[in-house]
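Each chain, letter by letter, is given below.
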Amino acid sequence: MTGPQREPVFLHLGPPPEEPGQFVVEGAPQSYPPDVKARLEVDAKEIIGRYPNRRSAILPLLHLVQSEDSYLTPAGLEFCGEQLGLTGAEVAAVASFYSMFRRGPTGEYLVGVCTNTLCAIMGGDAIFETLVNHLGVRNDQTTPDGKITLQHVECNAACDYAPVVMVNWEFFDNQTPESARRLVDALRAGNPPRPTRGAPLCPFRQTERILAGFPDQRPDDGQGGVGEATLAGLRVAKENDMQAPPPPAGEGR
């Protein structure tokens, strides 16, 4: 005698269905003009000089060309390959692994709403839906004025301040649909608010240049550091004299 019939469950593995399969966008540059290439080569030489093996410079070089185009283009991938002695397939294989490398034109501000479990439970899904409706764009789309690209993002390791919105990788903690709406309105009006933590906001292309390893000229006015929410567990452990148990005899030696 068999049990009740169950409907099959299909799990979609791999990248999201809307994610482009390759770095090809209509109108993207296929190669750089001589003056742009010469300028980038100066920067690339400085970057490559930091590494004993030139191939190790591939990630900062990808950020460099993304600072030029706001996303990875055939021209950018070709440039990286030429500088490092890699094939286009090798460069694309690395670039496609990391979600920070964009596959389409990016606005002045990349607004990422965390929709992983904790942020979603605390309101991340509602925030994302609010911004979709407010801005009139879907995931990974840019507003017509070119100011904001909206995307839902994976965990940013800031669960203690959920729900979190990131703008050009800077944190805006404990957000609500209303505060997120005010945030994007301020960005579009040219009045970027200060992040909860970290340095003042700068345009996406400048952020990419900083990630390529060039000097960060933004002022540090003490916004960094660990907050109370992060330390809450440690405080409770100390108050209750909680300690990890010792390892069993013979282990850890």
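Residues numbered from 1 in each chain as written. Predicted model: local features only at pLDDT ≥ 70, side-chain atom pairs only at ≥ 80, totals over all residues. Heavy atoms only, no water.

Asker: Please provide a residue-by-residue account of helix α2 (residues 58-69), values included.
Answerer: End to end, α2 covers 17 Å across twelve residues, agreeing with the expected 16 Å (1.5 Å per residue, within 8%). Taken across its twelve residues, α2 has eleven buried, putting it largely inside the fold. When α2 is considered as a whole, its buried residues turn out to be I58, P60, L61, L62, H63, L64, V65, Q66, S67, E68 and D69. The inward-facing, buried residues of α2 abut α1 (34-48), α3 (74-84), α4 (88-95) and α7 (204-211). S70 sits one or two positions beyond α2 and adopts a positive phi of about 75°. (Helix = DSSP H or I, 4+ residues; strand = E, 2+ residues; numbered from the N terminus. Expected span 1.5 Å × (residues − 1). Buried < 20%, exposed > 50% of the residue type's maximum accessible area, 1.4 Å probe, protein only. Contact = heavy atoms within 4.5 Å.)

Asker: Outline the nonpolar core, listing residues and values.
Answerer: If you look at the biggest cluster of nonpolar residues, it comprises 25 residues, and the most contacted ones within it are L61, L62, L64 and L72. Secondary-structure elements contributing two or more residues to this core are α1, α2, α3 and α4. Among all residues touching L72, those that are not within four sequence positions of it are F23, L62, V65, Q66, L77, A95, F101 and R102. Y109, L131, A180 and V184 belong to the second-largest nonpolar core, a separate cluster that totals 19 residues. (Core = buried A, V, L, I, M, F, W, Y, C linked by side-chain atoms within 4.5 Å.)

Asker: Before we move on, can you summarise the packing of aromatic side chains with the specific residues and values?
Answerer: Here the structure, examined in full by the defined rule, presents three aromatic pairs. The interplanar angle of 70° and the centroid separation of 6.2 Å between the aromatic rings of Y32 and F79 together place this pair among those described as edge-to-face. With Y32 in the segment before α1 and F79 in helix α3, the pair connects residues that are 47 residues apart, well separated along the chain. Pair check on accessibility: Y32 and F79 agree, each one buried. Centre to centre, the rings of F97 and Y98 are 5.0 Å apart; their planes meet at 80°, and the pair counts as edge-to-face. Classification of Y98 by relative accessible area gives partly exposed; the value is 36%. Through a chain of ring-to-ring contacts, three or more aromatic side chains come together here, namely F97, Y98 and F101. Above the face of the F214 ring, R50 is positioned so that its terminal group lies 5.4 Å from the ring centre. The lysine or arginine in question, R197, covers the ring of F171, its NZ or CZ lying 4.1 Å from the ring centre. (Phe/Tyr/Trp six-rings, centres within 6.5 Å; stacked < 30°, edge-to-face > 60°. Lys NZ or Arg CZ within 6 Å of the ring centre and 35° of its normal.)

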